[in-house]
Structures are given as C-alpha cells and as structure tokens.
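Each chain, written out:
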Amino acid sequence: MILIYLLKVSACTLIFFAVYRLLLAKLTFFNLNRIYLLLMLVLSFAIPALTIENRHEIMVSNQEIPSKMAYSNDGVVEQDFVDEGSAANNSLNWDQVFMYGYCSILVFFVFRMLFVMVRIQIQLRKHAINRSGAVILVNEKSNIKNCSFFNQIIIDSSLQCEEKNLVIKHELVHVKQLHVVDKLLVNFVTAILWFNPIIYFWRNAIDHNHEFLADRETAKVADKKVYASLLLNLAMPAQNLAMNSFSKLPLKNRIMMLYKEPNAKLQKLAYLVIVPVLMFCFMAFINRKEIIIERKSAGNQASADAAVRPNVYAMNYLKSNIKVNPNAAYNEVDPILVLDAGHGGKDGAGSALDGQKEKDLNLRAVKILQEEAAKRGIKVILTRSTDQFLSLRDRLPKVEATAFISIHHNVTKVDAPVPFDGIEVYVSKQNSNIKAAEDLGAGILSKLKQLNGMEVRDSLKNGSLFLLRESKAPAVLIELGNISDSKTLNYINQEKNIRRISNLILDGFVSFSKRGC
C-alpha cells in the first residue's frame, strides 16, 4: 500500500537526517556532505521498495487424504449482504479519499515548481538590460538578481565592478558543480513527501551546503572580510526554490563556516557511522516475502487401471442449458480462476479481535493467492482489487471460467462461543452444477488437510448463498478460519501461513482443472 511505503520512506529520512544534524552538519567536508544528503535521499526511497524472499522447504506427502462427500451444517453460516442490484457505493471510501487528496497536493507542488521556473524566465526577459555569455545584467526593478538559474548568472547592474566579479565567481561555482540538479531533485522529493516536515529541513540543508561550497571556492580568490561584508550588504530574504541566491538570510552559519578552520582528515571517520545506520534501516524497513517450496515425499502412486473421472474442466458453465457430460472430449484451453474477496466498501462485515476488518483480511488473502497463482502461470481474475463495494450479482464471473472461489473469514459475535475456528469449504446444493462444485470443493479439502497449525473441517458445508447458488462456473466459498479466535488470528496474520494455504487451494484447483484429461 502506498501509505505504508511513504511512511517507511519518511521514517528513513528522519533517521538519516538525524545522523546528519548530530554528526556531519558541522564538519567542513562539504563535498562529502553533499554526497551524503543526495545518496541518503535516494536510499530512503529505495530501501522500502526492496523485497527479500525467504524460502522455506517443507516435505509433504504425495498421498492425498480423501475427502468425504458429506455435508455438515453446524457452525457459523455467513449471511448474504442484502443488495441484489448494482447500485453505486455511496459510502465514503477513505482509501480513495486519501489517494485523491495526496495526489492533488503532489500535482499542486509539481506545477508550482514549474510555474516558478516559467515566471523566472518571464522576469528575466522583462528586466534584462545586457547579456554577456551566461551573465545577465538586470535593472534595479528586478526582483530576481544576484543569483544563478540553471547555467545563467543574474547580476544587479547597479553593483560596483568588484562586487559584480565576486558575485559572478560565487554563482559560477553553483553552475559548474550543477547544484541546480540537486535543487530539482530535492524539490521533486519535497512534492512527494509534502506531509513530512523532515524533508523541508533536508531541503534547507542541501541549500546551505551549496552555499558553503560556493563560499569556500570564492574565498580562495577573495579577501574574506570584503567577501563577508558583501554578503551582509546584499542580504535579502529567499525568493524562491528554483535558484541559488548569492546572499540570502540568515547568514550566521555561512560566515561561521567561512572563517572556520578545516577539519582534520581523521575526522572523516565520522562518516563510518553510516554503515550501522544503513544496516538498521535495511533490517527495519525492507519488505520480506515468505516462499514455501514443497518437496513431495514418495507416496502411493495412482493405479494405471484407476477409473477416469468425468471431465468437468472443459464444460462451459456460463450456459445454463449445458449439462455435465461425462463423455465430453477434453478441450485444451488455459484454466481461468475467478477469485472473489468477500465484502468490501460499505459492506465491512465483522471485525477481528485486533480490530482488522474481515473485508481487508479477505482482500489480503486473495492478493496473496493471486501472487501464488501467477508463479504457476494460472490466469486469475479478481472481482475486486481495492476496498470497493460490489453487489452480489456483480461479483459473479463475467467470463467463461474454470472455477470461482470466494474467500471469507468467519466471525463470531462478542462473548459468544466459537463453534469452529478452522477452515471450511462451502458449496450450494441449489446450484444446477452441484456435482462439479462438489468435485472442486472436495479436491481443495483433500489438499488443505495437509495443513499443519490450523484445523480443517473434513466435509463440505451446504450454504444457501447467492454466489454459490447463481454461479455458472463451479463455485466454492472458503472460510479461512475464525478471526474471533486468538489462536486462529495469530496464525493467519503470518503471511507465510496464508501462502501455504494458498498453494494448497491451488493444488486442489489444478487437480480439478485436469480431471478427465
């Protein structure tokens, strides 16, 4: 999620800037400070974007545990959300409100920066009285003077000759060292992290370091007293963020640095503190993904004389007049799995013990299931990929699909006993293609029984739910545990466990899709 990423980036900028202020800001190694400020800014965005994959190899039995084609009706049954139409969701989607608000302010800052640059060019055309190469003389009415803008040096024409030369030497350092590139980068980052107060201090630190660099080079060819006096005489408030100004308030730090003796080279060892800080940020903010690698142990192999099951994979379940034909020829087509994250938007369903909404847990599980399916080359279609409300009819598969799986989590009312805290698979006997749904559900159950750490109900459950009744594709609804139970919640809060469950579900789907071939 973009919010989590931006918060991690902001945390990195806070840590890196604290190191700069506490240990590096007062050193006279201005070139090293420039590298630090720019490099850490880039790494602040890079570190939270990195992902480390943790691979775990587990041994599973090659022998499937058979599922009983039986039904149990005890336990918690989730009710349909009453909304048969396709009315628009009138409730506020706070994720979308946040994104629209954030992007609007981001665009405002970007256009503001572009507007400032255009305005500078217009001002230069209006007040320029003479041009000599990169040097532009402007009249006294110009608000933009004694500064550099990209490769242009703007000088007040009323200055004395010696003063003009000092200003030109100072601004020429900015031009030659490409300080404008730093300013454009940090201003763009400021637009992205406009909500983070640290980035404004960071921008000022880069700006001040530019001036220290230019002052040091200019002082090599000029008298420091004369130069400092000129800085004070020409001092003026900062005009905008697109230029390097010769002398802008406050000047205290610049004059102090001008007269400060260079630090001993041994003090460069202070920069070694960056190493443990980087290691801490990598450990704290890098993403981790659990990958389960299954190694199947030898088990009972299927007999060559075993009966061939009917081909339910090749059936077109969208056409209600087509019946399952056990003798139908197998068609070579790619399997399509439609995944539905239950609830969403105004239909929040219940909440877990830790406050998480069921709709959010459903979406998280579906996205992990989608990622695991992509690794196998299985085409997946999601009914929703964000926190949006869909009517039950809008959730039904719109294309010819091999199977339809709706993901949910059970919720029990407060203080009520939890009847069953494990995984359950629902089908609907009211669906005309119940036999195909039973094959799909039983196949998934047989794989899920290999799961360790969570109980799996050993029989299908019959649910008179709209999605299961009306789906033309073989449909099952899977309850991934009861989030009112603390043990179950702790288990499913671990991504590696959801990935393990996802792969077992996909094993069942693959077995179902290949039946009859």
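So, here is what we can say about the structure in this document.

Before going further, it helps to spend a moment on the pairing of strand β4 (residues 135-138). Of the two faces of β4, the one lined by Val-135 and Leu-137 and the one lined by Ile-136 and Val-138 are each fully buried. Across 4 bridges, strand β3 (residues 128-132) lies against β4 in antiparallel orientation. Note on β4: the bridge partner recorded for Ala-128 is Val-138. In sequence, β3 turns back onto β4 through a hairpin of 2 residues, with Gly-133 there showing a positive phi of about 65°. In the sheet, β4 pairs with strand β6 (residues 152-156) via 4 bridges, with the strands oriented parallel. Within the sheet, the bridge partner assigned to Leu-137 lies in β6 and is Ile-155.

The next thing to look at is the sheet that holds strand β5 (residues 147-149). Taken in spatial order, the 5 strands of this open sheet run β3-β4-β6-β5-β7, and their pairing is mixed. The strands lining the two open edges of the sheet, one partner per strand, are β3 and β7 (244-245). Taken together, the 3 bridges between β5 and β6 define a ladder with antiparallel strand orientation. In the strand pairing of β6, Ser-148 is matched with Ile-153. Where helix α4 (residues 161-176) meets the sheet, its contacts fall on β4, β5, β6 and β7, and the angle it forms with β6 comes to roughly 155°.

Running from N to C, helix α2 (residues 30-46) and helix α5 (residues 179-192) cross one another at 35°; their axes reach a closest spacing of 12 Å. Of the two possible hands of crossing, α2 and α5 adopt the one that is left-handed. Across the interface between the two elements, Arg-34, Leu-38, Leu-41 and Phe-45 from α2 touch His-179, Asp-182, Leu-185, Val-186, Val-189 and Ile-192 from α5. Across the contact of α2 with α5, the residue classes tally to 7 nonpolar, 1 polar and 2 charged.

Here the focus is the side chain of His-179. Turning to its location among the elements, His-179 is positioned in helix α5. A polar contact is formed between the side chain of His-179 and the side chain of His-174, at a distance of 2.7 Å. Ignoring anything within four residues of it in the chain, the contact list for His-179 reads Arg-34, Val-173, His-174, His-210, Leu-213 and Asn-244.

Calculation notes
- Residues numbered from 1 in each chain as written.
- Predicted model: local features only at pLDDT ≥ 70, side-chain atom pairs only at ≥ 80, totals over all residues.
- Heavy atoms only, no water.
- Buried < 20%, exposed > 50% of the residue type's maximum accessible area, 1.4 Å probe, protein only.
- Helix = DSSP H or I, 4+ residues; strand = E, 2+ residues; numbered from the N terminus.
- Pairing = 2+ DSSP bridges.
- Contact = heavy atoms within 4.5 Å.
- Axes fitted to C-alpha atoms, helices over the stretch in contact; angles between N-to-C directions.
- Left-handed = near helix turned anticlockwise from the far one by under 90°.
- Nonpolar A, V, L, I, M, F, W, Y, C, P; charged D, E, K, R; others polar.
- Polar contact = N/O pair within 3.5 Å; in protein donor to acceptor, adjacent residues only side chain to side chain.

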